[in-house]
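So you can see what is in the structure, the chains are spelled out below.
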Amino acid sequence: MEIERKFLLSSLPELEQAYCYRIEQAYVETDPVIRVRLRADISADGALGKERYILTVKTGGLMAHEEFETDISKEAYERLCAKACGNVITKDRYILPLEDDLKLELDIFHGAFEGLVLGEVEFPSEEKARDYTPPSYIKEDVTMDGRFHNNRMSMMSSEEIEALLSSVHQL
């Protein structure tokens with residue numbers, strides 16, 4: 001079971017010491033979610049390093065859902081990407097430690113979603129997720145707003161993307 005909350009930020013926390021990697025993901029299906037992902041380490045000088053290819057299947061749910069992941073070959077990733085529908089999501093993910101052994105996964109989006117920044121925190125239980133008080137740089141909890149879930153974003157039209165990005169800048 002994966003239990004997570006999603007947030008918009010009012011400002012960026014310090015990122016220089018954070019671990020970072022590039023993500024490119026495409027959706028073969030959105031209900032249930034079947035996603036393929038390329039994950040590549042990013043060095044301090046911005047160079048891409050070791051790559052990992054992942055197939056993920058998720059059940060429905062905005063805060064809590066079942067998730068299954070397995071590594072796949074580069075060739076399988078490329079074949080599945082060719083069958084994907086909608087927008088390919090590209091983002092840099094920074095991992096930042098928080099209190100109580102939690103981590104903030106900070107996503108800075110590129111491509112069609114350039115300018116969008118989201119934070120996710122995963123929790124060991126739904127109770128911990130509900131009771132969580134985020135750091136001061138968190139602006140708004142968007143966990144229950146489906147527009148901020150990557151599988152929904154992958155199916156957005158250019159007009160919907162523009163409206164989403166405009167709404168974020170107005171918050």
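For every chain, the first residue of the written sequence is number 1, and numbering continues from 1 along that sequence. Local features are withheld for residues below a pLDDT of 70 in this predicted model, meaning they are given only at 70 or higher, and side-chain atom pairs are given and counted only at 80 or more; totals for whole chains, interfaces and linings count all residues. Processing note: side-chain calculations cover all non-hydrogen atoms of the structure and skip hydrogens and water entirely.

Brief notes about the overall build of the chain
Scanning the chain from N- to C-terminus turns up four helices and ten strands. Numbering goes from the N terminus for both helices and strands, where a helix is a DSSP run of H or I of at least four residues and a strand is a run of E of at least two. For the chain, the succession of helices and strands along the chain, N to C, is β-β-β-β-β-β-α-β-β-β-α-β-α-α. Relative to the globule expectation of 16 Å for 171 residues, the C-alpha radius of gyration of the chain, 16 Å, shows essentially globular dimensions. The principal-axis extent of the C-alpha atoms belonging to the chain is close to 40 × 35 × 30 Å. All radius of gyration figures rest on C-alpha atoms, and the globule criterion is 2.2 Å times the number of residues raised to 0.38.

Details of unusual backbone geometry
Of note, the bond from Asp-31 into Pro-32 is cis; its omega dihedral lies within 30 degrees of zero at 0°. Of note, the phi angle at Asp-101 is positive, near 60°, even though the residue is not glycine. Within the secondary structure, Asp-101 sits in the loop between β7 (85–97) and β8 (103–109). For every residue, the accessible area obtained with a 1.4 Å probe (protein chains only) is divided by the maximum for its type, and the residue is called buried under 20%, exposed over 50%, and partly exposed between those limits. With relative accessibility at 79%, the residue Asp-101 sits in the exposed group.

Notes on the pattern of salt bridges
Salt bridge, as used here, is a side-chain nitrogen of Lys or Arg placed within 4 Å of a carboxyl oxygen of Asp or Glu. In this structure the tally under the stated criterion is 13 salt bridges. Note that Glu-126 and Arg-130 form a salt bridge whose closest N and O atoms lie 3.8 Å from each other. With Glu-126 and Arg-130 both in helix α2 (residues 126–131), this residue pair falls four residues apart, about one helical turn. As a salt-bridge pair, Arg-152 and Glu-160 come within 3.3 Å of each other at their nearest N and O atoms. Take Arg-152: its relative accessible area is 33%, and that puts it in the partly exposed class. Taken together, the salt bridges that share partners define one network made up of Lys-91, Arg-93, Glu-105 and Asp-107.

Looking at the environment of Phe-7
Relative to the helices and strands, Phe-7 is located in strand β1 (residues 2–9). Residue Phe-7 is classed as buried on the basis of its relative accessible area, which comes to 1%. Sequence separation of Phe-7 and Gly-119 is 112 residues, and the distance between their C-alpha atoms is 5.0 Å.

Considering the environment of Leu-38
As for its position among the elements, Leu-38 is in strand β3 (residues 33–42). Judged by relative accessible area, which is 15%, Leu-38 ranks as buried. For the pair Leu-38 and Leu-55, spaced 17 residues apart in sequence, the C-alpha separation works out to 9.2 Å. Excluding anything up to four places from it in sequence, Leu-38 contacts Arg-22, Ile-23, Glu-24, Glu-51, Arg-52, Tyr-53 and Tyr-77. Residue contacts follow a heavy-atom distance rule, with two residues in contact if any of their heavy atoms lie within 4.5 Å.

Quick look at the nonpolar core
In terms of nonpolar packing, the biggest core is built from 22 residues, with Tyr-94, Leu-98, Leu-104, Leu-106, Val-121, Phe-123 and Tyr-132 touching the most fellow members. Side-chain atoms within 4.5 Å are what join buried Ala, Val, Leu, Ile, Met, Phe, Trp, Tyr and Cys residues into a set we call a nonpolar core. Residues Tyr-27, Phe-109, Val-142 and Ile-161 belong to the second largest nonpolar core, which totals 16 residues.

A few points about the packing of aromatic side chains
Paired rings are identified among Phe, Tyr and Trp, the last through its six-membered ring, by centres lying within 6.5 Å, and are further divided according to the angle between planes into stacked (under 30 degrees), edge-to-face (over 60) and tilted (the rest). Evaluated as defined, the whole model comprises five aromatic pairs. Centroid distance Tyr-19 to Tyr-21: 5.6 Å. Interplanar angle 50°. Geometry classified as tilted. Classification of Tyr-19 by relative accessible area gives partly exposed; the value is 38%. By way of ring pairs, the aromatic residues Phe-7, Phe-123 and Tyr-132 are connected into one cluster. Distance and angle both matter: a charge sits over a ring if NZ of Lys or CZ of Arg is within 6 Å of the ring centre and within 35 degrees of the ring normal. The aromatic ring of Tyr-21 is capped on one face by Arg-39, whose charged end is 3.7 Å from the ring centroid.

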